[in-house]
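One letter stands for each residue in the lines below.
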Amino acid sequence: MAAAETSQTLDRALRLLELLADEQHGRAGLTVTELAAALGVARPVVYRLLGTLAEHRLVRRSDDGRVRLGIGVLSLAQRVHPLLREAAAPVLRRLADEVRATAHLTIADGGEALAVVVVEPTRTDFHVSYRVGSRHPLDRGAAGRAILAGRRGDRDVVSTDSELQPGAVGVAAPVPLTELDASVGVVALGDLDRPLAHRAVRAAAAEVAAALA
């Protein structure tokens, strides 16, 4: 019985964090009453969960009484980046060399797209220099637009022209994982075989998803 209760408590705590993460895009947070209703439990249960999670800095309560994710979540997220790099780097290497363009894995970070893995092609006369840590609004550039499309359940490849840099062509596809707001894409200056890029990017996004599943 004790093991079952512990498992149920853990399940509720994880579901609570997921609720806050879903709400985090709006930054509004949730009240204890809203959390209790969503979890189907009494308010005292939520207070106990929040107490434990707050000790680990995974949640915080603001002066207005609303609950939001805490800074401890960021620490956990930063430890995930090496796992993403390990899974994505070989896939992006093949993609960059096949399309002859800079390949990248980009994740959502608030309202921005954040490049966490970047691989440049080995044999090109010139290519776009795209750095790990590069950021841009989610609604600009192929990588961010693909992430937004994935949130809507749209798995189609997205193409953009000169949205982030004059003359730059971007092609990206959402990573088909509900647990990860991410896209795989390529960016090039000028000449790019778009039919090849579309096929290769879609396949690479599926391969990254399989590696992370």
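In case you missed it, the structure is sitting above this.
Residues numbered from 1 in each chain as written. Predicted model: local features only at pLDDT ≥ 70, side-chain atom pairs only at ≥ 80, totals over all residues. Heavy atoms only, no water.

1. Re the sheet that holds strand β4 (residues 112–119)
Strand pairing in a sheet relies on backbone hydrogen bonds, with the paired strands running either antiparallel or parallel.
Stage number 1. Read from one edge of the open sheet, six strands run β5-β4-β3-β8-β7-β6, paired in antiparallel fashion. With one partner strand each, in any of the chains shown, β5 (135–137) and β6 (158–161) form the two edges of the open sheet. Strand-to-strand twist in this sheet, taken as the mean axis angle between neighbours without regard to direction, amounts to 30°.
Stage number 2. In this sheet, β4 lies alongside strand β3 (residues 102–109) in antiparallel orientation, the contact comprising seven bridges. Paired with Thr106 across the two strands is Ala115, which belongs to β4.
Stage number 3. The strands that helix α5 (residues 142–151) touches are β3, β4, β5, β6, β7 (168–174) and β8 (182–189); relative to β7, the one it contacts most, it runs at about 25°. (Pairing = 2+ DSSP bridges. Helix = DSSP H or I, 4+ residues; strand = E, 2+ residues; numbered from the N terminus. Axes fitted to C-alpha atoms, helices over the stretch in contact; angles between N-to-C directions. Contact = heavy atoms within 4.5 Å.)

2. Let's talk about unusual backbone geometry
Across the chain, the bulk of peptide bonds are trans and the bulk of non-glycine residues have phi less than zero.
Stage number 1. Of note in the backbone geometry, Arg57 takes a positive phi value of approximately 60° without being a glycine.
Stage number 2. Here Arg57 shows up in the loop between α3 (43–55) and β1 (59–61).
Stage number 3. Even without a glycine there, the phi angle at Arg100 is positive, about 60°.
Stage number 4. For Arg100, the location among the structural elements is in the loop between α4 (71–99) and β3.
Stage number 5. On the basis of relative accessible area, Arg100 is assigned to the partly exposed category, the value being 49%. (Buried < 20%, exposed > 50% of the residue type's maximum accessible area, 1.4 Å probe, protein only.)

3. Here we look at the side chain of Ser183
Stage number 1. Secondary-structure assignment places Ser183 in strand β8.
Stage number 2. By relative accessible area, Ser183 is classed as buried at 0%.
Stage number 3. A polar atom in the side chain of Ser183 sits 3.0 Å from the backbone oxygen of Ala143.
Stage number 4. Excluding residues that lie within four positions of it along the chain, Ser183 makes contacts with His104, Leu105, Thr106, Ala143, Ala146, Ile147, Ala172, Ala173, Pro174 and Val175. (Polar contact = N/O pair within 3.5 Å; in protein donor to acceptor, adjacent residues only side chain to side chain.)

4. Quick look at α3
Stage number 1. The terminal C-alpha atoms of α3 lie 19 Å apart, and with 13 residues this matches the ideal 18 Å at 1.5 Å per residue to within 8%.
Stage number 2. Restricting attention to buried positions, one finds in α3 the residues Val45, Val46, Leu49, Leu50 and Leu53. Projected onto a plane normal to the axis of α3, the buried residues spread over an arc of 130° and lie on a single side. Among the exposed residues of α3, those oriented more than 90 degrees off its buried face are Arg48 and Glu55.
Stage number 3. Once α3 ends, the next one or two residues include Arg57, with phi positive near 60°. (Expected span 1.5 Å × (residues − 1). Arc of directions from axis to C-beta.)

5. Quick look at the pattern of salt bridges
Stage number 1. Scanning the model with the defined rule gives ten salt bridges in all.
Stage number 2. Arg94 serves as the salt-bridge partner of Glu207, at 2.3 Å between the closest nitrogen and oxygen. Taken together, the residues span a long stretch of sequence, with Glu207 in helix α6 (residues 194–212) and Arg94 in helix α4 at a distance of 113 residues.
Stage number 3. For Arg94, a relative accessible area of 45% translates into the label partly exposed.
Stage number 4. Taking the shortest distance from any N to any O, the salt bridge between Glu163 and Arg145 comes out at 3.0 Å. Within this pair, whereas Glu163 is found in the loop between β6 and β7, its partner Arg145 is found in helix α5, the two being separated by 18 residues in sequence.
Stage number 5. Judged by its relative accessible area of 32%, Arg145 falls in the partly exposed class. (Salt bridge = Lys/Arg side-chain N within 4 Å of Asp/Glu carboxyl O.)

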